[in-house]
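Listed here are the chains, written in short residue letters.
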Amino acid sequence: MQLLDGKALSQKIKLQIKEDVAKRAASGGIIPHLCAILVGNDPASETYVRNKILSCEEIGYKSTMFRYDTSITEEELLAKIEEINNDESIHGLLVQLPLPKHIDVSKVVEKVDYRKDVDGFHPMNIGRMAKNMPCALPATPYGILKILEEYKIETKGKNCVVVGRSQIVGSPISILMSRPGYPGNATVTVCHSHTKDLASFTREADIIIAAVGVPELIKENMVKEGAVIIDVGMNRIEDATRKSGFRLVGDVAFDEVKDKCSFITPVPGGVGPMTIACLLLNTLQAAS
Ligand code: GUN
């Protein structure tokens, strides 16, 4: 088994971007500026947004973060997005999800100017992605493609089983894996909570992409010998031996599966860091 080291690849990408930004700065060019909106105090969202802002600082982007209490109304949030849409000094805007229940996520996603939508969540970007047109790809699926490319993993004609159909990962990666080109041209099956006998699908998979948010759902007896496993899960489970009180596990039972598969992404250090690197790539693209 070979580890798919998303951490190392993300550092390589960040270094390339940092050099690009330094050149821009030296020649008086535009410095990308990313803006993040965080509503509420969900600990995982706080960590994600903090890491995004820190990564911007690391590579020389400008960044701005707006934090709001859960009491913010939908109207107030939409008005803030409008203001940022009209601010020419900001190139990329992300609104961290999930949002409180009283706010309509679709309205928020559609309010972001699609040209600043560095998450690739806007229907315009999703449509362009499906039609294989230039667009901002959703950052996590984009990161998965980059990992497959880096390790030259063949996808053409392979059986790819995606477990999970979320708007953020499962649905877009299923489109991307079946698009013409590389990585793509796979035969894709999407499994979800209504799938009968999940194991009968995953056992046939050459590539499993697990993005369902259930800790260690994919067990050894659900995986074919030599399969490639992309684990998108980031599940916090209680662990009194850790200072934080929790540890991160994926959607795949890593220790059980690692000797059976050919490649696997670790959690942490696999897909997670690639999400941020690809968000930064999308921001660079938006600023260009
Ligand atoms: N919540 C979980 N993943 C993401 C992401 O990639 N972008 C945003 N905005 N929110 C998220």
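Here goes a summary of the coordinates provided. Fair warning: this is a prediction, and the values are worked out from it, not measured in the lab. (Residues numbered from 1 in each chain as written. Predicted model: local features only at pLDDT ≥ 70, side-chain atom pairs only at ≥ 80, totals over all residues. Heavy atoms only, no water.)

Glancing now at the overall build of the chain. Per the secondary structure count, the chain includes 10 helices and 11 strands. For a compact globule of 288 residues, the expected C-alpha radius of gyration is about 19 Å, and the chain comes in at 19 Å, within 12% of that figure. Counting only C-alpha atoms and orienting by the principal axes, one finds that the chain spans roughly 50 × 40 × 40 Å. The buried share of the chain, reckoned over its 288 residues, is 48%. Long-range pairs, those at least 24 residues apart, make up 70% of the contacts in the chain with a sequence separation of at least 6. Summing over all exposed atoms, the chain offers an accessible surface of approximately 13,900 Å²; the carbon and sulfur share of this is 51%. In the chain, the 34 positive side-chain charges and the 36 negative ones have mean positions that sit 3 Å from each other. (Helix = DSSP H or I, 4+ residues; strand = E, 2+ residues; numbered from the N terminus. Rg over C-alpha atoms; globule rule 2.2 N^0.38 Å. Buried < 20%, exposed > 50% of the residue type's maximum accessible area, 1.4 Å probe, protein only. Contact = heavy atoms within 4.5 Å. Areas by Shrake-Rupley, 256 points an atom, 1.4 Å probe, with all protein chains shown as cover. Lys, Arg positive; Asp, Glu negative; His and termini not counted. Charge placed at Lys NZ, Arg CZ, Asp CG, Glu CD.)

Estimates place the volume of the largest pocket at around 1,400 Å³. The wall of the largest pocket is formed by 48 residues, among which Tyr48, Thr140, Met234, Gly272 and Thr275 lie closest to the centre. For the lining of the largest pocket, the secondary-structure elements that each account for two or more residues are α1 (6–26), α2 (43–59), β4 (92–95), α6 (139–150), β9 (235–238), β10 (246–249) and α10 (271–287). Taken together, the residues of the lining of the largest pocket sort by class into 23 nonpolar, 16 polar and nine charged. (1 Å grid on protein atoms, 1.4 Å probe; cavity = no way out; pocket = protein on both sides within 12 Å on 5 of 7 lines; lining within 4 Å. Points joined across faces, edges and corners; volume = space filled by probe spheres on them. Nonpolar A, V, L, I, M, F, W, Y, C, P; charged D, E, K, R; others polar.)

Our next topic: the side chain of threonine 275. Mapped onto the elements, threonine 275 comes out in helix α10. There is a polar contact of 3.0 Å between the side chain of threonine 275 and the side chain of threonine 140. Other than its neighbours up to four places away in sequence, threonine 275 contacts Ala139 and Thr140. (Polar contact = N/O pair within 3.5 Å; in protein donor to acceptor, adjacent residues only side chain to side chain.)

Here we take up the packing of aromatic side chains. Taken as a whole and assessed by the stated rule, the structure comprises one aromatic pair. A centroid spacing of 6.4 Å and a plane angle of 65° characterise the contact between tyrosine 151 and phenylalanine 263, whose relative ring orientation is edge-to-face. You can see tyrosine 151 sitting in the loop between α6 and β5 (159–163) and its partner phenylalanine 263 sitting in strand β11 (residues 263–264), a full 112 residues away along the chain. The exposure class of tyrosine 151 is partly exposed, given its relative accessible area of 22%. Taking NZ or CZ as reference, lysine 80 lies 3.9 Å from the ring centre of phenylalanine 66, over its face. (Phe/Tyr/Trp six-rings, centres within 6.5 Å; stacked < 30°, edge-to-face > 60°. Lys NZ or Arg CZ within 6 Å of the ring centre and 35° of its normal.)

Glancing now at the sheet that holds β5. The six strands are arranged β1-β11-β8-β7-β5-β6 in an open sheet whose pairing can be described as parallel. Of all strands in the sheet, those bounded by a partner on one side alone are β1 (2–3) and β6 (187–191). (Pairing = 2+ DSSP bridges.)

Attention now moves to α2. For α2, which comprises 17 residues, the first-to-last C-alpha distance of 25 Å matches the rise-based estimate of 24 Å (1.5 Å per residue) to within 8%. Within the sequence span of α2, burial applies to Ala44, Ser45, Val49, Lys52, Ile53, Ser55, Cys56 and Ile59. Buried residues of α2, seen end-on, are gathered within an arc of 165° and therefore sit on one face of the element. Elements in contact with the buried residues of α2: α1, β2 (33–39), β3 (62–68), β4, β9 and α10. Looking one or two places after α2, you find glycine 60, whose phi comes out positive at around 95°. (Expected span 1.5 Å × (residues − 1). Arc of directions from axis to C-beta.)

The next thing to look at is the nonpolar core. Of all hydrophobic cores here, the largest spans 48 residues; its most connected members are Ile17, Ile144, Met177 and Ile209. Tallying contributions element by element places α10 first for this core, with nine residues. The contacts of isoleucine 17, once residues within four sequence positions are left out, are Ile59, Tyr61, Ala277, Leu280, Leu281 and Leu284. Of all hydrophobic cores here, the second largest spans 18 residues; its members include Ile72, Leu99, Val108 and Val112. (Core = buried A, V, L, I, M, F, W, Y, C linked by side-chain atoms within 4.5 Å.)

Right, let's get into empty space enclosed by the protein. Applying the stated rule across the entire model yields one cavity of 30 Å³ or more. As a volume, the largest cavity reaches approximately 80 Å³. When residues of the lining of the largest cavity are traced back to their parent elements, those giving at least two are β4 and α4 (105–111). Among the elements that make up the lining of the largest cavity, the one with the highest residue count is β4 (three residues). When grouped by side-chain class, the residues that make up the lining of the largest cavity number eight nonpolar, no polar and two charged.

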